[in-house]
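These are the residues of each chain, in order.
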Amino acid sequence: MNRRDYWSPETNPETGEKFARVLEYFHTAHNGSADIDSMIDSPYGEECARRMQLRFKYEHDAMGEAAMEYYRACGLKKEMYDGDDYYARWVILTPLEMETEEGRKKKYPIVFYNHGGGNSIECEEFSLGFAELAGRDKFMVAYLQNTNWENFERVLDFIGRKYPLDRERVYLCGYSQGGYQVTSTYFRIPQKLTAVGPCGNDIYREYDNFNVPYTPEEIQNLKDALVPLMQVVGVCEASSFVPVNDWKPRKDWGRECSGETYLDDRRDDSKDPTRIHGGRRRFSDMPVPPEGEDKHEWMIRRLNMRMDTLNCEPRDAKTCISYQNTPEDELHHVLGFYGDKEEIAWHYGYKYYTLNIWNRDSINAFRYVAVENNPHWPPVLMAELLWDFFRQFRRDSGTGRIVEEEYRYNRD
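Everything numeric here is computed off the predicted structure, so don't read it as measured data. (Residues numbered from 1 in each chain as written. Predicted model: local features only at pLDDT ≥ 70, side-chain atom pairs only at ≥ 80, totals over all residues. Heavy atoms only, no water.)

**Structural notes on the packing of aromatic side chains**
Inference 1: Per the stated rule, a full pass over the model turns up 32 aromatic pairs.
Inference 2: When the centroid spacing of 5.0 Å and the interplanar angle of 75° are considered together, the rings of tryptophan 7 and phenylalanine 19 count as edge-to-face. You can see tryptophan 7 sitting in the segment before α1 (16-28) and its partner phenylalanine 19 sitting in helix α1, a full twelve residues away along the chain.
Inference 3: For phenylalanine 19, a relative accessible area of 0% translates into the label buried.
Inference 4: Relative to phenylalanine 152, the ring of phenylalanine 112 lies with its centre 4.6 Å away and its plane at 65°, an arrangement referred to as edge-to-face. On the criterion of sequence distance, the pair formed by phenylalanine 112 in strand β3 (residues 108-114) and phenylalanine 152 in helix α7 (residues 149-162) is long-range, its members being 40 residues apart. (Phe/Tyr/Trp six-rings, centres within 6.5 Å; stacked < 30°, edge-to-face > 60°. Helix = DSSP H or I, 4+ residues; strand = E, 2+ residues; numbered from the N terminus. Buried < 20%, exposed > 50% of the residue type's maximum accessible area, 1.4 Å probe, protein only.)

**Some thoughts on the nonpolar core**
Inference 1: The biggest cluster of nonpolar side chains holds 125 residues, and the ones touching the most others in it are Phe112, Ile159 and Tyr368.
Inference 2: For phenylalanine 112, the contacting residues outside a window of four places in its chain are Ala142, Leu144, Phe152, Val155, Leu156, Ile159, Val170, Tyr171, Leu172 and Cys173. (Core = buried A, V, L, I, M, F, W, Y, C linked by side-chain atoms within 4.5 Å. Contact = heavy atoms within 4.5 Å.)

**A few points about the pairing of strand β5 (residues 165-175)**
Inference 1: By the criterion of burial, β5 is predominantly enclosed, with ten of the eleven residues buried.
Inference 2: Bridge count for β5 against strand β6 (residues 195-199) is five bridges, and the pairing is parallel. Looking across to β6, one finds that tyrosine 175 is bridged to cysteine 199.
Inference 3: One crossover worth recording links β5 to the parallel β6 by way of helix α8 (residues 177-188), and it is right-handed. (Pairing = 2+ DSSP bridges. Right-handed = clockwise from strand over helix to strand, strands pointing away.)

**So, empty space enclosed by the protein**
Inference 1: Throughout the structure, instances matching the rule amount to two cavities of 30 Å³ or more.
Inference 2: Taken as a whole, the largest cavity spans an internal volume of roughly 50 Å³.
Inference 3: In terms of lining, the largest cavity is formed by Tyr180, Thr183, Pro198, Asn201, Asp202, Tyr204, Arg205, Gln231 and Arg306.
Inference 4: Counted by class, the lining of the largest cavity contains three nonpolar, three polar and three charged residues.
Inference 5: Within this model, the second largest cavity holds a volume of roughly 30 Å³.
Inference 6: At the level of elements, α5 (122-125) and β4 (140-144) are the ones that each hand at least two residues to the lining of the second largest cavity.
Inference 7: Along the lines of polarity and charge, the residues of the lining of the second largest cavity split into four nonpolar, one polar and two charged. (1 Å grid on protein atoms, 1.4 Å probe; cavity = no way out; pocket = protein on both sides within 12 Å on 5 of 7 lines; lining within 4 Å. Points joined across faces, edges and corners; volume = space filled by probe spheres on them. Nonpolar A, V, L, I, M, F, W, Y, C, P; charged D, E, K, R; others polar.)

**Quick word on the pattern of salt bridges**
Inference 1: All told, the structure shown has 39 salt bridges when counted by the stated rule.
Inference 2: Between glutamate 206 and arginine 302 there is a salt bridge, and its shortest N-O distance comes to 3.0 Å. Here arginine 302 lies in helix α10 (residues 295-309) and glutamate 206 lies in the loop between β6 and α9 (216-225), a separation of 96 residues in the sequence.
Inference 3: By relative accessible area, glutamate 206 is classed as partly exposed at 30%. (Salt bridge = Lys/Arg side-chain N within 4 Å of Asp/Glu carboxyl O.)

Just distances and angles here, no functional claims.
Next comes the structure, spelled out in structure tokens:
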């Protein structure tokens, strides 16, 4: 099967209808600058298709024997809790070695991933790549259907009682709505987190997924705790998250178009606890610059609000805004701001524009990655990039402070 054959029922009778649905979404979920046809006919698109093929193989029977065998082949065991209650249910993947005598002597990190929109867990758990990483480096992974911060805290505390959790290494990430739920959680309980990855999101919001503003006390608490943060976005997302020195309104999609290919019969959006019911939007409002305010300066102020929560030096507005006029300076022109360490990395033939910023305590507190030609969809290698950032950090149980220390999976 060549690269383009995945995406049509005519050339892919088994899963082509699902691919065609995702392809329709791709053509809708970008800001007008993406070349989706070239994307699916590239090595990047081929890897994207390979991951989706895995998802399509298991999502309709995610607790079936074939799916369990896939996880066992990764070195993992899968369990689901509250399986009869759609919105209360959640999944945990644990290393098989945890059940051995030697494994029971160790403590294991955990990565929570928040699904996007109203998606079912099954729509994302197989295609992200966390399972392969968790099996290799021996950490736990959890997926919650209800991603509200109170439910996250409840599940985290349960896992801490039942499993050999390394409480110094609790990581939380998510895409789109799931990323905003990450933000809500780390503003409310930052001391319980080690590092976060709210991806597919704008640079900063002052309010949570229900439009509830963060209080001055919550903001100060977050600053005191320090939670290192990484964002991965597509260069062509419908909401134009890059360059960060500019603002454009979210593209009018014109109609609802979902990349979902699996819907659980129990799903009822009117009962979804993560949604706004009766408001203008299902989720929080998009930030917009006040009337009469320069949108470029407004954006850099928002960037610096993010820098402030991480104890990083603010970015110079004049320098950042000047990148609008320097296309020859590719990385800064694409990202719209500068870092302490910067690079353009290539993966599957696509550019990953990357910068890191260290804070005043010499912690690599911020990493930002924008992926070439990617629409509003978890980019290929997002999980690998997040884990590479997360595993640098632990929250010392004695001091409560973040320490940079490469994760060694045999920690006991």
